[in-house]
Amino acid sequence: MTLGSSGGSGVVVPRNFRLLEELERGEKGIGDGTVSYGMDDGDDIYMRSWTGTIIGPLNTVHEGRIYQLKLFCDKDYPEKPPSVRFHSRINMTCVNPDTGVVDPKKFLVLGNWQRDYTMEYVLTHLKKEMATSHNRRLVQPPEGTSF
């Protein structure tokens with residue numbers, strides 16, 4: 001899913017308009033309801049700090065777990081990806097085990113960022129990553145623990 005894409009017209013949607021589109025979409029709910037996101041502070045006119053939630057995919061060690069993440073959209077977003085950090089402890093190959101930061105070198109949605117990617121795209125792909133063969137059975141920290 002992409003938002004604010006130019007459709008070949010060469011028009012670039014300004015950052016805040018793009019983030020407003022994402023906020024509206026996040027507030028309406030996404031797909032099956034297992035991924036959501038919203039702003040941390042409604043008064044932040046720069047719309048930088050966001051919280052995401054992922055409910056772990058079925059038939060994995062993540063099933064039924066609720067993971068909280070922090071996404072930070074710097075002034076260069078969407079030209080550059082948001083920084084993404086799990087608040088909930090998780091064991092995944094693309095997540096730093098000490099800080100919860102998602103490593104762009106190991107999570108290619110961030111590493112090969114494209115302007116038309118969205119926070120929704122990042123979160124849904126992290127959920128898909130949980131279900132991959134190398135993450136679906138990894139031993140997890142106790143539920144409810146945080147970084």
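About the cut-offs
- Residues numbered from 1 in each chain as written.
- Predicted model: local features only at pLDDT ≥ 70, side-chain atom pairs only at ≥ 80, totals over all residues.
- Heavy atoms only, no water.
- Helix = DSSP H or I, 4+ residues; strand = E, 2+ residues; numbered from the N terminus.
- Buried < 20%, exposed > 50% of the residue type's maximum accessible area, 1.4 Å probe, protein only.
- Pairing = 2+ DSSP bridges.
- Axes fitted to C-alpha atoms, helices over the stretch in contact; angles between N-to-C directions.
- Contact = heavy atoms within 4.5 Å.
- Salt bridge = Lys/Arg side-chain N within 4 Å of Asp/Glu carboxyl O.

### A word on unusual backbone geometry
- Cis rather than trans, the peptide bond between Y77 and P78 has omega equal to 10°.
- Mapped onto the elements, P78 comes out in the loop between β3 (66-72) and β4 (83-86).
- A positive phi angle, near 60°, is found at N59, a position not held by glycine.
- Within the secondary structure layout, N59 lies in the loop between β2 (49-55) and β3.
- With relative accessibility at 62%, the residue N59 sits in the exposed group.

### Quick word on the pairing of β3
- On β3, burial follows the alternation: Y67, L69 and L71 on one face are buried, whereas I66, Q68, K70 and F72 on the facing-out side are not.
- Across seven bridges, β2 lies against β3 in antiparallel orientation. For I54, the partnering residue across the bridge sits in β3 and is Y67.
- The sheet contact formed by β3 and β4 spans four bridges and is antiparallel. Within β4, the residue paired with K70 across the bridge is R85.

### Re the sheet that holds β2
- Pairing is antiparallel across the open sheet formed by four strands, whose spatial order is β1-β2-β3-β4. The open sheet terminates on both sides in strands that have one partner only, identified here as β1 (35-39) and β4. In this sheet, adjacent strand axes meet at a mean angle of 25° when their direction is disregarded.
- Packing of helix α1 (residues 15-28) onto the sheet brings it into contact with β1 and β2, and relative to β1 it is tilted by some 130°.
- Contacts from helix α3 (residues 119-130) reach β1, β2, β3 and β4 within the one sheet, and its direction differs from that of β2 by about 35°.

### Topic: the pattern of salt bridges
- Scanning the model with the defined rule gives eight salt bridges in all.
- A salt bridge links D76 to K75, with the nearest nitrogen and oxygen atoms 3.9 Å apart.
- As a salt-bridge pair, K80 and D76 come within 4.0 Å of each other at their nearest N and O atoms.
- Through salt bridges with shared partners, a single network forms among K75, D76 and K80.

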